[in-house]
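Notes for the structure review
One letter stands for each residue in the lines below.
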Amino acid sequence: MRKNTLGSLIWLRIARFTHQSNLLSNEFLKQFGITAAQFDVLNQVSTYQPITQSQLAEKVTVSEGGISRMLSRLEQEGYIHRKQDWKTKWITLTSKGEDKMQEVFEHQLTFQTSVVNGCLTEEEQKTLYMLMTRLQKHTEDKLEN
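So, how was this worked out
Residues numbered from 1 in each chain as written. Predicted model: local features only at pLDDT ≥ 70, side-chain atom pairs only at ≥ 80, totals over all residues. Heavy atoms only, no water. Helix = DSSP H or I, 4+ residues; strand = E, 2+ residues; numbered from the N terminus. Areas by Shrake-Rupley, 256 points an atom, 1.4 Å probe, with all protein chains shown as cover. Core = buried A, V, L, I, M, F, W, Y, C linked by side-chain atoms within 4.5 Å. Buried < 20%, exposed > 50% of the residue type's maximum accessible area, 1.4 Å probe, protein only. Salt bridge = Lys/Arg side-chain N within 4 Å of Asp/Glu carboxyl O. Patch = residues over 30% accessible without salt bridge, like charges linked within 9 Å, V, L, I, M, F, W, Y side chains within 5 Å.

Before going further, it helps to spend a moment on the overall build of the protein chain. Along the backbone of the protein chain there are six helices and three strands. The linear arrangement of helices and strands in the protein chain, starting from the amino end, is α-α-β-α-α-β-β-α-α. With respect to the principal axes defined by its C-alpha atoms, the protein chain has extents near 50 × 40 × 30 Å. Split by element, the accessible area of the protein chain, about 10,600 Å² in all, is 55% carbon and sulfur.

All right, on to the nonpolar core then. By size, the foremost hydrophobic cluster in this structure holds 25 residues, and its most contacted members are Leu 29, Val 41, Leu 56, Ile 67 and Ile 80. Counting only elements with at least two residues in this core, the list comes to helix 1 (6-29), helix 2 (36-48), helix 3 (53-59), helix 4 (64-76), strand 3 (88-93) and helix 5 (95-117). A total of five residues in this core trace back to one element, the largest contributor, which is helix 2.

Moving on to the pattern of salt bridges. In the structure shown here, the tally under the stated rule is five salt bridges. Measuring nitrogen to oxygen at the nearest pair gives 3.1 Å for the salt bridge that ties Glu 75 to Arg 82. Residue classification places Arg 82 among the buried positions, given a relative accessible area of 17%. A salt bridge links Glu 122 to Lys 126; the shortest N-O distance between them is 3.6 Å. A residue pair is termed a helical-turn pair when its members lie 3 or 4 positions apart in one helix, as Glu 122 and Lys 126 do in helix 6 (residues 122-144) at four residues.

On the surface, a nonpolar cluster with roughly 290 Å² of combined accessible area is contributed by Leu 6, Leu 9 and Ile 10. Within the fold, Leu 6 resides in helix 1.

So, in structure tokens, the structure goes:
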């Protein structure tokens, strides 16, 4: 029988937490008619608009192939507008998309905060944030090399 390393156990915990958190968020966001992945995309577009499709794909938790389908769906629902500028697709929120973010953002922020506040002290949250930031920076550096 193989023995896991501490690093592999941490990775598994992070992956499981992410999956479970997305399940909880999807359930919570049903009342607003969007998924966690759609919320992520709308939030990134809202923050960085106008944003290119490739820039957006780097920022969200949706795969490269999935981003195109996701954007088509969001465009059909009237939340985003895509403008083709030669080979570049620029994405912005429509007024309906802005309204959706106004409706959902604070609720999702409160929901996600309650998940973390429900089990970690403020000091533990600061430590976890610092450690996760370090891990994320490390993986970003590896992807760039």
